[in-house]
Amino acid sequence: MTELVWHHREDLSIDQQLALRTAATRLKEQFSEFYGAETIERFLHSSYDQFATGSTIPNFLPLLAERFARQRLTALAKVEGHHDDGRPVVLFLCVHNAGRSQMALGFFEHLAGDRAVGWSGGSEPGIEVNAAAVAAMAERGIDISAEYPKPWTDEVVRAADAVVTMGCGDACPIFPGKRYENWDLDDPDGLEVADIRPIRDEIERRVRGLLGELAVPVVSGR
């Protein structure tokens, strides 16, 4: 496999260049069996650009880009038949990927553990996860504070076995042959924690039901 040939970008600081180069090395170690250096670097840079415009935390952009690129490359490897570990993949979509879909993902990962894979995305991703939603989930012992709004991409949708939409309407992607569910839930944007609790609890109920339909056992004690 060819070594990464790094393309210098004038729009990035030296620290950001170094962080992205380090991220590319880590991604190469994970995906070099399936993809060449140019593909890995392209996914990393396009992932970086997804966050660069609206972000208020430039120092964290390389880390966010690496995490998003890893998800996208994992999805692409499944779609193209390079790697599939057999676990069901569920994608939760809403408008801003800051409230409903993040809470659903939090419950899904908490309840399923490593028996299934959960992703989330938004049609118009926000800047940060809703702080009140983070607090409401923390009451249930689930920490979603490290999550971040991100867009959906074609490879991520195509890799999902089930796509759950929440209020994104016609902006949500539709691909033939996918299992789709639409959850009609109030948007927690602008609500206080007390008002989000009923939404949170309904999301948990629906996630538990979905796991049952997918024959994914809930982690014992949860």
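Above: the structure in question.
Residues numbered from 1 in each chain as written. Predicted model: local features only at pLDDT ≥ 70, side-chain atom pairs only at ≥ 80, totals over all residues. Heavy atoms only, no water.

**Student:** I would appreciate a short explanation of the nonpolar core in the present structure.
**Tutor:** What tends to happen in soluble globular proteins is that the nonpolar side chains get buried as a cluster. Counting residues in hydrophobic clusters, the biggest one holds 32 residues, and the most contacted among them are Phe92, Met103, Phe108, Met166, Trp183, Ile203 and Val207. Broken down by secondary-structure element, the contributors of at least two residues to this core are strand E1 (89-94), helix H4 (100-112), helix H5 (131-138), strand E3 (162-166) and helix H7 (193-213). Once residues within four sequence positions are removed from consideration, Phe92 is found in contact with Ser101, Ala104, Leu105, Phe108, Trp119, Ser120, Gly121, Val164, Met166, Trp183 and Leu210. (Core = buried A, V, L, I, M, F, W, Y, C linked by side-chain atoms within 4.5 Å. Buried < 20%, exposed > 50% of the residue type's maximum accessible area, 1.4 Å probe, protein only. Helix = DSSP H or I, 4+ residues; strand = E, 2+ residues; numbered from the N terminus. Contact = heavy atoms within 4.5 Å.)

**Student:** Which parts of the structure should I look at to understand helix H2 (residues 37-52)?
**Tutor:** Residues spaced three or four apart along an α-helix point in a common direction, a consequence of the helix completing one turn every 3.6 residues. Given a rise of 1.5 Å per residue, 16 residues ought to cover 22 Å, and the 22 Å separating the end C-alpha atoms of H2 matches this to within 8%. Listing the buried residues of H2 in full gives Ala37, Ile40, Glu41, Phe43, Leu44, His45, Ser47, Tyr48 and Phe51. Tucked into the core, H2 has its buried residues touching helix H1 (14-31), helix H3 (61-79) and helix H6 (154-159). (Expected span 1.5 Å × (residues − 1).)

**Student:** What is the right way to look at the side chain of Arg200 in this model?
**Tutor:** Its location among the elements puts Arg200 in helix H7. When residues no more than four places from it in sequence are discounted, the contact partners of Arg200 are Met103, Phe107, Ala136, Met137, Glu139 and Arg140.

**Student:** What should I look at first to understand the side chain of Thr153 in this one?
**Tutor:** Inspection of the secondary structure assignment puts Thr153 in the loop between H5 and H6. Reaching out from Thr153, the side chain makes a polar contact with the side chain of Glu155 at a distance of 2.8 Å. (Polar contact = N/O pair within 3.5 Å; in protein donor to acceptor, adjacent residues only side chain to side chain.)

**Student:** Just to check I follow, could you spell out the packing of H5 against H7 for this structure?
**Tutor:** In a packed pair of helices, the relevant descriptors are the angle between the two axes and the axis-to-axis distance. Interaxial distance between H5 and H7 falls to 9 Å at its minimum, and their mutual angle equals 65°. In this structure, the crossing between H5 and H7 has a hand that is right-handed. The segment H5 lies against H7, with Ala132, Ala133, Ala135, Ala136 and Met137 engaging Val193, Ile196 and Arg200. Its residues assigned to classes, the contact of H5 with H7 comprises 7 nonpolar, no polar and 1 charged. (Axes fitted to C-alpha atoms, helices over the stretch in contact; angles between N-to-C directions. Left-handed = near helix turned anticlockwise from the far one by under 90°. Nonpolar A, V, L, I, M, F, W, Y, C, P; charged D, E, K, R; others polar.)

**Student:** For this particular structure, what's the right way to read the pattern of salt bridges?
**Tutor:** Where side chains of opposite charge bring their charged atoms close, a pairing between them can arise. The tally for this structure, following the rule as stated, stands at 17 salt bridges. For Glu66, the salt bridge identified is with Arg26, shortest N-O distance 2.6 Å. Taken together, the positions of Glu66 in helix H3 and Arg26 in helix H1 put the pair 40 residues apart, joining distant regions of the chain. Glu66 gets classed as buried once you look at its relative accessible area, which sits at 4%. Here Arg26 falls in the partly exposed class, since its relative accessible area comes to 39%. We note a salt bridge from Arg100 to Asp187, for which the minimum N-O separation is 3.7 Å. Of this pair, Arg100 sits in helix H4 while Asp187 sits in the loop between strand E4 (179-182) and H7, placing them 87 residues apart in sequence. According to the relative accessible area criterion, Arg100 is buried, its value standing at 6%. Within this structure, Glu139, Arg140, Arg197, Arg200, Asp201, Glu204 and Arg208 form a network of salt bridges that share partners. (Salt bridge = Lys/Arg side-chain N within 4 Å of Asp/Glu carboxyl O.)

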